[in-house]
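If you want the building blocks of each chain, they are given just below.
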Amino acid sequence: MTYKQAFGSFVRILVVTAMIIAGLGALVYGFLPNEYYTPAFPFLLVFFVLATMAIYHFMLRALQKRPARFVNIFLLTTMVKLLAFMTLMLTYSLINRSDARTFIVAFFVLYIVFTIVEVVSLLDANRKVVKPVKDDESGT
């Protein structure tokens, strides 16, 4: 599988996921009281799509260049992403205290959904890019 194929497939999955979430967000906005909806939701959705796309690009490149070090790069990237996202969430919540609760819930849900999409896609790409070594080829 080439980078272009893997990234194209991921972008399609990401767009479908974003469209489903946008539809669910529209339902929440249309049918539930305003206290259950954050006005920052559309911006959060765009932020998560772009951030997930950028992180996937970086991770896919790392997988292709250095498959043996991929796990270390993945763990480091995940930690940096988590810290950066927590900082963003905390900053927004301190600035907009009245919207903090709904923002945090929406942020957390989007974080979980997009992280699952990213990890599943990376595992699929890893399985297709890196061929497992058989026991008789390992030299042991």
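Here is a short report on the structure shown in this document.

Analysis parameters
Residue positions are given per chain, counting from 1 as you read along its sequence in written order. Local features are withheld for residues below a pLDDT of 70 in this predicted model, meaning they are given only at 70 or higher, and side-chain atom pairs are given and counted only at 80 or more; totals for whole chains, interfaces and linings count all residues. Side-chain measures were taken over the full set of non-hydrogen atoms in the model, leaving aside hydrogen atoms and water. The way it works is that DSSP assigns letters per residue, a run of H or I at least four long becomes a helix, a run of E at least two long becomes a strand, and they are numbered from the N terminus. Here the radius of gyration uses the C-alpha set of atoms, whereas the globule reference equals 2.2 Å times the residue count to the power 0.38. Each residue is placed in one exposure class: buried if its accessible area under a 1.4 Å probe, protein chains only, is under 20% of its type's maximum, exposed if it is over 50%, and partly exposed if it falls in between. Contact between two residues is taken to exist if any of their heavy atoms lie within 4.5 Å; hydrogens are not considered. For accessible areas, the Shrake-Rupley method is used with a probe of radius 1.4 Å. Any residue's cover is judged against the shown protein chains and nothing else. Patches were defined on residues exceeding 30% relative accessible area and lacking a salt bridge, with like-charge contacts within 9 Å and nonpolar side-chain contacts (Val, Leu, Ile, Met, Phe, Trp, Tyr) within 5 Å. What counts as a salt bridge is simple: a side-chain nitrogen of Lys or Arg found within 4 Å of a carboxyl oxygen of Asp or Glu. Just so you know, the count uses Lys and Arg for positive and Asp and Glu for negative, and it drops His and the chain ends. Throughout, a charge is located at the NZ atom of Lys, the CZ atom of Arg, the CG atom of Asp or the CD atom of Glu. For Phe, Tyr and Trp, where Trp contributes only its six-membered ring, two rings pair if their centres lie within 6.5 Å, and the inter-plane angle classes them as stacked under 30 degrees, edge-to-face over 60, or tilted in between. For a Lys NZ or an Arg CZ to count as sitting over a ring, it must be within 6 Å of the ring centre and within 35 degrees of the ring normal. Two kinds of site are reported from a 1 Å grid over the protein atoms alone, namely cavities, where a 1.4 Å probe fits but cannot get out, and pockets, open sets with protein on both sides within 12 Å along at least five of seven lines, and residues are called lining when an atom falls within 4 Å of a point. Grid points are joined across faces, edges and corners, and a volume is the space filled by probe spheres set on the points. Under the scheme applied here, ten amino acids are nonpolar (Ala, Val, Leu, Ile, Met, Phe, Trp, Tyr, Cys and Pro), four are charged (Asp, Glu, Lys and Arg), and all others, including Gly, are polar. In a helix, the anticipated span is given by 1.5 Å times the number of residues less one.

1. Quick look at the overall build of the protein chain
Piece 1. The helix and strand tally for the protein chain stands at four helices and zero strands.
Piece 2. Computed over its C-alpha atoms, the radius of gyration of the protein chain comes to 18 Å, more than 25% above the 14 Å expected for a compact globule of 140 residues.
Piece 3. Expressed as lengths along the three principal axes of its C-alpha atoms, the size of the protein chain is roughly 65 × 30 × 20 Å.
Piece 4. Across the 140 residues in the protein chain, those meeting the buried criterion constitute 34%.
Piece 5. Pairs at least 24 apart in sequence give 77% of the contacts found in the protein chain among residues at least 6 apart.
Piece 6. When the accessible surface of the protein chain is summed, it comes to about 9300 Å², and 71% of that surface belongs to carbon and sulfur atoms.

2. Digging into a positive patch on the surface
Piece 1. Taken together, the side chains of Arg 61, Lys 65, Arg 66 and Arg 69 define a basic patch exposed on the protein surface.
Piece 2. By the element assignment, Lys 65 lies in helix 2 (residues 41–65).

3. Some words on the packing of aromatic side chains
Piece 1. Under the defined criterion, the tally for this structure stands at 15 aromatic pairs.
Piece 2. With 5.4 Å between their ring centres and 80° between their planes, Phe 48 and Phe 85 make a pair best called edge-to-face. Taken as a pair, Phe 48 in helix 2 and Phe 85 in helix 3 (residues 70–95) lie far apart in primary sequence, 37 residues in all.
Piece 3. Ring centres 5.8 Å apart and planes at 40° place the aromatic pair Phe 103 and Phe 107 in the tilted group. Residue Phe 103 and its partner Phe 107 are located together in helix 4 (residues 100–129), separated by four residues, close to a single helical turn. As far as burial versus exposure is concerned, Phe 103 and Phe 107 are alike and both buried.
Piece 4. In this structure an aromatic cluster arises from ring pairing among Phe 47, Phe 48, Phe 85, Tyr 92, Phe 103, Phe 107, Tyr 111 and Phe 114.
Piece 5. A cation sits over an aromatic face here: Arg 61 above Tyr 3, 3.8 Å from the ring centre.

4. Looking at the layout of surface pockets
Piece 1. Roughly 320 Å³ of internal volume is contained in the largest pocket.
Piece 2. When residues of the lining of the largest pocket are traced back to their parent elements, those giving at least two are helix 1 (3–31) and helix 4.
Piece 3. The element that contributes the greatest number of residues to the lining of the largest pocket is helix 4, accounting for six residues.
Piece 4. Residue composition of the lining of the largest pocket, grouped by class: eleven nonpolar, three polar and one charged.

5. Focus on helix 3
Since the α-helix advances by 3.6 residues per turn, residues separated by three or four positions end up pointing in the same direction.
Piece 1. Between its first and last C-alpha atoms helix 3 spans 37 Å; for 26 residues at 1.5 Å apiece the expected length is 38 Å, and the two agree.
Piece 2. For helix 3, the set of buried residues is Phe 70, Ile 73, Thr 77, Lys 81, Phe 85, Met 89 and Ser 93.

6. Remarks on the pattern of salt bridges
Piece 1. Under the counting rule described, the total for this entry stands at two salt bridges.
Piece 2. Residue Lys 81 pairs with Glu 118 through a salt bridge whose shortest N-O separation is 3.0 Å. Taken together, the residues span a long stretch of sequence, with Lys 81 in helix 3 and Glu 118 in helix 4 at a distance of 37 residues. Note on accessibility: Lys 81 and Glu 118 belong to one class, buried.
Piece 3. A salt bridge links Asp 124 to Arg 127; the shortest N-O distance between them is 2.9 Å. You can see Asp 124 and its partner Arg 127 sitting in helix 4, three residues apart, about one turn around the helix.

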